[in-house]
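What the coordinates show
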Amino acid sequence: MEAALIIFALMVLFAFLGLGAYATVKVVQATKRGVDRTITQARRTVEDTTLRAKSFGQVGVTGALAQLRLDLRTSMRSTQQALHEGVRLDASLRESIALFERLSAHGHELDDELKRLEQDPDRTRIAERMPDLRERTAKITQAADSLRWAARDRASRFAEDDLSALSAQIEMESGALRDWSRESVDHLAAAAAEWDAAQQAQGPQQAQGSQQAQRREQPRKAALNPAAPAPEYPWQKTRRPESTT
């Protein structure tokens, strides 16, 4: 018996230790993901700030490359955010997200190439490739912008349709409430008029009935009550009894 209790206690202890280890791993993983997300966001912010500074502060090939990278990154990031926010309400945007992921592969490839060219010392060769780089950047950004604005237009259209349907339902309900109020008032007015007419019709009948009842009660009262004795006055003589001679 004691051995069974010891085994059970050890099993419970190991179970608690396992749950504790699992919870610790989950917390560490969540913390790591949060830290990685924060580091990535901070690195992205620093890089975007650096690109803005290069595009405004430097001229020539270096400033042009920085501007292309900045335009590309801004367009792709805005489209990604719009699609991932919209898919929560509209599942049909999953196909758009799949297309955007294919477009993102080309965007990452172009961004890496532009980043390498920033470190290339041969500015003449880079200047010769600038028209092609601008064209590729324009194609990717236009495609991303098209997806983003299509998703926004779709969400706006759904919102307008829902608002129109809601407005129509509210108008119908308001009309029904007004009709119900008018019918109730008319019904109450008709009932009041009928009651007044009935009271006016019953008035003479009640008066005639009360008069007839009074007439019927008068003879009954006279027949039931004995006649009052004749009044006697002090100057009248006392009546003699019949036996007196």
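Everything numeric here is computed off the predicted structure, so don't read it as measured data.

The next point concerns the overall build of the protein chain. Looking only at helices and strands, the protein chain has 4 helices and 0 strands in total. Each helix and strand of the protein chain, ordered N terminal to C terminal, gives the series α-α-α-α. Residues classed as buried in the protein chain amount to 19% of the 245 residues present. Contacts in the protein chain between residues at least 24 apart in sequence constitute 67% of all its contacts with a sequence separation of at least 6. Within the structure as shown, the protein chain displays about 19800 Å² of accessible surface, and the carbon and sulfur contribution to it stands at 58%.

For the rest of this paragraph, the subject is the environment of Phe-100. Mapped onto the elements of the fold, Phe-100 is located in helix H3 (residues 93-118). With relative accessibility at 5%, the residue Phe-100 sits in the buried group. Sequence separation between Phe-100 and Leu-147 is 47 residues, and the spatial gap between their C-alpha atoms is 7.8 Å.

So, about the packing of aromatic side chains. Taken as a whole, this structure holds 0 aromatic pairs when the rule is applied. In this structure, Arg-152 is placed above the aromatic ring of Trp-149, and the distance from its NZ or CZ to the ring centre is 5.1 Å.

This paragraph deals with the side chain of Arg-148. Inspection of the secondary structure assignment puts Arg-148 in helix H4 (residues 123-224). Taking the relative accessible area as the measure of exposure, Arg-148 reaches 9% and is therefore buried. Excluding anything up to four places from it in sequence, Arg-148 contacts Ser-75, Ser-78, Thr-79 and Ala-82.

The next subject is the nonpolar core. In terms of nonpolar packing, the biggest core is built from 22 residues, with Leu-65, Met-76, Met-130 and Leu-133 touching the most fellow members. Where this core is concerned, the elements lending two or more residues are helix H2 (61-86), H3 and H4. If we ignore the near neighbours within four places in the chain, the residues touching Leu-133 are Leu-65, Leu-68, Leu-110, Glu-113, Leu-114 and Leu-117.

Attention now goes to the pattern of salt bridges. All chains considered together, the criterion is met by 9 salt bridges. For Arg-129, the salt bridge identified is with Glu-113, shortest N-O distance 2.2 Å. Of this pair, Arg-129 sits in helix H4 while Glu-113 sits in helix H3, and the two are 16 residues apart along the sequence. Looking at Arg-129, the relative accessible area reads 32%, which means it is partly exposed. Its salt-bridge partner being Lys-139, residue Glu-135 comes within 3.8 Å of it at the nearest N-O pair. Separated by 4 residues within a single helix, Glu-135 and Lys-139 lie in helix H4, roughly one turn from each other. Classification of Glu-135 as partly exposed rests on a relative accessible area of 45%. Shared partners join several salt bridges into a network, and the residues in it are Arg-69, Arg-73, Asp-111 and Glu-118.

Rules behind the numbers
- Starting afresh in each chain, residues are numbered from 1 along the sequence in its written order.
- In keeping with the model being predicted, local features are shown solely for residues with a pLDDT of at least 70 and side-chain atom pairs are shown and tallied solely at 80 or more, while totals for entire chains, interfaces and linings include all residues.
- Each side-chain value is worked out from all heavy atoms of the structure, with water and hydrogens disregarded.
- The secondary structure listing takes helices from DSSP runs of H or I that are at least 4 residues long and strands from runs of E that are at least 2 residues long, numbered from the N terminus.
- Buried residues are those whose accessible area, probed at 1.4 Å on protein chains only, stays under 20% of the maximum for their type, while exposed residues exceed 50% and partly exposed ones sit between those limits.
- Residue contacts are counted whenever heavy atoms from the two residues lie within 4.5 Å of one another.
- Per-residue and other accessible areas follow the Shrake-Rupley method at a 1.4 Å probe size, with only the shown protein chains counted as cover for residues.
- Two rings from Phe, Tyr or Trp (for Trp, the six-membered ring) form a pair when their centres are within 6.5 Å of each other. A pair whose planes differ by under 30 degrees is stacked, one over 60 is edge-to-face, and the rest are tilted.
- Distance and angle both matter: a charge sits over a ring if NZ of Lys or CZ of Arg is within 6 Å of the ring centre and within 35 degrees of the ring normal.
- In plain words, nonpolar cores are sets of buried Ala, Val, Leu, Ile, Met, Phe, Trp, Tyr and Cys residues tied together by side-chain atoms within 4.5 Å.
- Criterion for a salt bridge: a side-chain nitrogen of Lys or Arg within 4 Å of a carboxyl oxygen of Asp or Glu.

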